[in-house]
Structures are given as structure tokens and as C-alpha cells.
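Geometric and topological summary
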Amino acid sequence: MDRFLQGRTALVTGSTSGIGLAIAQALSAAGARVAINGLGTPEQIDAALKSVADAGSEARHFGADLRKPDEITTLLEAVQAWGQVDVLVNCAGIQHAAPLAEQPSQKWDDIIAINLSAAFHTMQHTLPGMAERGFGRVINIASVHGLVASKNKAPYVASKFGIVGLSKVAGLEYAAAGSRDSGGVTVNCICPGWVETPLIEPQIQAHRNGGSRDDGVRALLEEKQPSLRMSLPEDIGAMVVWLCRREAHNVTGAAMPMDGGWTSQ
Ligand code: NAD
């Protein structure tokens, strides 16, 4: 593995499980020391930390409830005392499926706070330092739902369209920071379709109709994802690592689908 991120520090929010954990592992393997963040039992957090450290680099957990701006400030101060953030990945996210008329307003507030506002706060704290140093990467894990809508996901879709817009503004504001040699400062979104995480296993099982697990996956994806196969969390990790490379200096303000053709339709 090319450890081109040696000497860099990464912060990955929502990295105690799922996609964020795979991203933290990929960045560690590429040489970055990684600040992980997210909820979980002490055992889950220890297991996540161990897997990130086993991937090759130092890792530390920094707790914060991302619904609370003062906890985000404390988190960022603690991480920055450990290492200046060169790579910021906003991956923490939640969702709640229900028709708009039945969405509890507390769910709206929590989803907007975690999926969108937390990214604003982490970016506001870290982008100026990235610009001073001439290198920085912000990678926001949006969703196809940042590009197209589905029913029953009003707060989620609003938060994901919001983070795509926020990333475009930041991409423009920092486009001229640094140089081609230093790698510049870029801000992008990755927009996954279906990703194979434990979270969606019950939905796969519910679509089997007596067939195999693969039949269940195909039936679940048929409606929207033409490839009929899910991405793996590590597929997203690999794209994050590529975006961190110097040669990605001119990829900024982009919202990159990884959706098996969903948004091509
Ligand atoms: P996940 O539930 O496995 O991980 C979510 C992470 O966010 C966890 O680490 C959790 O602890 C953290 N988190 C939740 N609430 C928090 C809070 N209040 N404060 C701090 N951390 C908090 O989910 P995932 O499937 O890995 O999703 C990760 C991201 O990818 C989300 O933003 C999601 O919208 C996006 N995404 C997922 C899929 C998919 O199919 N799984 C598809 C497109 C986009």
C-alpha cells in the first residue's frame, strides 16, 4: 500500500461503524493518523479503534454528540491539539423514513443537525488551516438522495441536497488555495446508492421471497439501482483515498455518484 498520507491527520465523523469505519481504515492504510468519532458502546468503540490502528496508523477516538455545536467545538479543539486536520470526512448520518405529514419535528431537527449542520461546523473550523498549509481535503458523504429524491425521506433528502450545496460553495471559496504541487484544498461529495452495511440486511431478507440472499439484493435494487449490486463500504473508502491524492487537486465542488446508474435514469 502506498502510504502517501504519512504525516497527515484525518478526522472521520461517524466512523464507529459502517461506511465511516471503512473510510477510517482506508485512510489509516494510506498512512494518515485517524481521529475517529461516533457513538457506540465502549466495546464497539474499542473494536473500531483497533481495526483502524491494525490498518497501519495511529488512531484515537474523540467523542461528541454531533447534534450539539458546543460538543463539536470541543471535539475539534481536542483533535487539533492532537494534529492539524488535513483530511476531513463528514460521514455521520441518520435517517427516518415516513411521509412528510408524519415526520416528527424532532427527527427533522436531528437529521438536519447531524447530516448537514455538523458538516458546516467542522468545515468552518478546519478549512482556514488547510488553506494556510496549502493542502486539505474535505469529503462529505452525501447520497444519491443529494441528487434525486425518493418519497418518505423529506428531512434526509433535504439534508443531503443541503450538503451538496454547502460543498459546492466551500469548493469555490477554497479553489485557489495552495498549488498544484502542494495539492490544493478541495471539497467534494460522494453520493452512494445502496451500500452493503448491516443496517440494510433486514431489507434484503424481506425481499428474498423464498429465494437466495442474492435474489433478495436484486429484488431490493431493481426499482432504482440498475447495476443490481450494492457498493461495499471499502469501495467508498477507496474513492476517499483517491480524492486525497495530489493529482486530484482539480476535482473540487463535485458530487460524485457511486450508484450503479441510479441517477443516470
Ligand atoms: P451507520 O449507522 O453504520 O453509521 C452512522 C455513524 O454515524 C455511526 O458511527 C454513528 O455512531 C454516527 N452517529 C449517528 N448519530 C450521531 C451523533 N448524534 N453524533 C455522533 N455520531 C453519530 O450508517 P452508514 O450506512 O455507514 O452511513 C454513513 C453515511 O453514509 C451517512 O451519512 C448515510 O446517510 C450515508 N449513506 C449511506 C448509504 C447506505 O446505503 N448505507 C447510502 C448513501 C449514503
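Here, the structure is the one placed above.
Residues numbered from 1 in each chain as written. Predicted model: local features only at pLDDT ≥ 70, side-chain atom pairs only at ≥ 80, totals over all residues. Heavy atoms only, no water.

1. Quick word on the sheet that holds strand 4 (residues 85–90)
Here is the rule: In this analysis, strands are considered paired if DSSP registers two or more bridges between them. For the purposes of this entry, the term helix denotes a DSSP run of H or I that reaches at least four residues, the term strand denotes a run of E that reaches at least two, and both are numbered from the N terminus. Between N-to-C directions, angles cover 0 to 180 degrees, with each direction set by a line fitted to C-alpha atoms, over the stretch in contact for helices. The contact criterion used is simple: two residues touch if any of their non-hydrogen atoms lie within 4.5 Å.
Taken in spatial order, the 7 strands line up as 3-2-1-4-5-6-7 in an open sheet, and their pairing is parallel. Strand pairing shows two members of the sheet lacking a second neighbour, strand 3 (59–61) and strand 7 (255–258), which therefore form its edges. Pairs of neighbouring strands in the sheet enclose a mean axial angle of 20°, with direction left out of account. Lying on the sheet, helix 2 (residues 42–54) is in contact with strand 2 (33–36) and strand 3; it crosses strand 3 at an angle near 160°.

2. Some points on the pattern of salt bridges
Our working rule: Salt-bridge detection follows one rule: a side-chain nitrogen of Lys or Arg within 4 Å of a carboxyl oxygen of Asp or Glu. When accessible area is computed with a 1.4 Å probe and restricted to protein chains, residues below 20% of their type maximum are described as buried, those above 50% as exposed, and intermediate ones as partly exposed.
For the structure on display, the rule yields 11 salt bridges. Between Asp 86 and Arg 133 there is a salt bridge, with its nearest N and O atoms 3.5 Å apart. In this pair, Asp 86 sits in strand 4 while Arg 133 sits in helix 4 (residues 105–133), placing the two residues 47 residues apart along the sequence. Overall, the relative accessible area of 6% leaves Asp 86 in the buried class. Judged by its relative accessible area of 36%, Arg 133 falls in the partly exposed class. Each of Asp 65, Arg 67, Lys 68, Glu 71 and Asp 110 takes part in salt bridges that share partners, so that together they form one network.

3. Some thoughts on the site of the ligand
Test applied: Note on definitions. A residue lies near a molecule or strand when any single heavy atom of the residue is within 4 Å of it. Here a polar contact means two N or O atoms within 3.5 Å. Within protein one must be a hydrogen donor candidate and the other an acceptor candidate, and residues neighboring in sequence count only if both atoms are side-chain atoms. Accessible surface is estimated by sampling points in the Shrake-Rupley manner with a 1.4 Å probe; for residues, cover comes only from the protein chains shown.
In the vicinity of the ligand lie 26 residues, with Thr 16, Ser 17, Ile 19, Leu 39 and Tyr 156 positioned nearest. Here Cys 91 contributes a backbone N or O atom positioned 2.9 Å from an oxygen atom of the ligand. With respect to the ligand, the side chain of Tyr 156 contributes an N or O atom lying 2.6 Å from an oxygen atom. Considering the ligand on its own, with 830 Å² of exposed area, one finds that the protein chains cover 88% of that surface. When contributions to the shell around the ligand are tallied by element, the ones reaching two or more residues are helix 1 (18–29) and helix 5 (154–173).

4. Here we look at the packing of helix 3 (residues 69–82) against helix 4
Convention followed: If you view the pair so one helix is near and one far, a crossing is left-handed when the near helix is turned anticlockwise from the far one by less than a right angle, and right-handed when it is turned clockwise. Under the convention adopted here, Pro, Cys and the residues Ala, Val, Leu, Ile, Met, Phe, Trp and Tyr are nonpolar, Asp, Glu, Lys and Arg are charged, and Gly plus all remaining residues are polar.
With their axes 10 Å apart at the nearest point, helix 3 and helix 4 run at an angle of 35° to one another. The two elements helix 3 and helix 4 meet at a crossing, and its hand is right-handed. Facing helix 3, whose interface residues are Pro 69, Ile 72, Thr 73, Leu 76 and Gln 80, helix 4 presents Ala 118, His 121, Thr 122, His 125 and Thr 126. Considered class by class, the residues forming the contact of helix 3 with helix 4 number 4 nonpolar, 6 polar and no charged.

5. Some remarks on the side chain of Ser 143
Assignment of secondary structure puts Ser 143 in the loop between strand 5 (135–141) and helix 5. A distance of 2.9 Å separates a polar side-chain atom of Ser 143 from the backbone nitrogen of His 145.

6. Some details on helix 2
Filter applied, for reference: Each helix should span, by expectation, one fewer than its residue count multiplied by 1.5 Å. Starting at the helix axis, one direction is taken to each C-beta atom, and the arc is that of these directions.
Over its 13 residues, helix 2 runs 18 Å from end to end, which matches the ideal 18 Å to within 8%, given 1.5 Å per residue. Restricting attention to buried positions, one finds in helix 2 the residues Ile 45, Ala 48, Leu 49 and Val 52. Seen along its axis, helix 2 keeps its buried residues to an arc of 100°; they face one direction. Of the exposed residues in helix 2, the ones pointing more than 90 degrees away from its buried face are Glu 43, Asp 46, Lys 50 and Asp 54. As for helix 2, its buried residues are in contact with helix 1, strand 2 and strand 3. Two residues or fewer after helix 2 comes Gly 56, characterised by a positive phi angle close to 140°.

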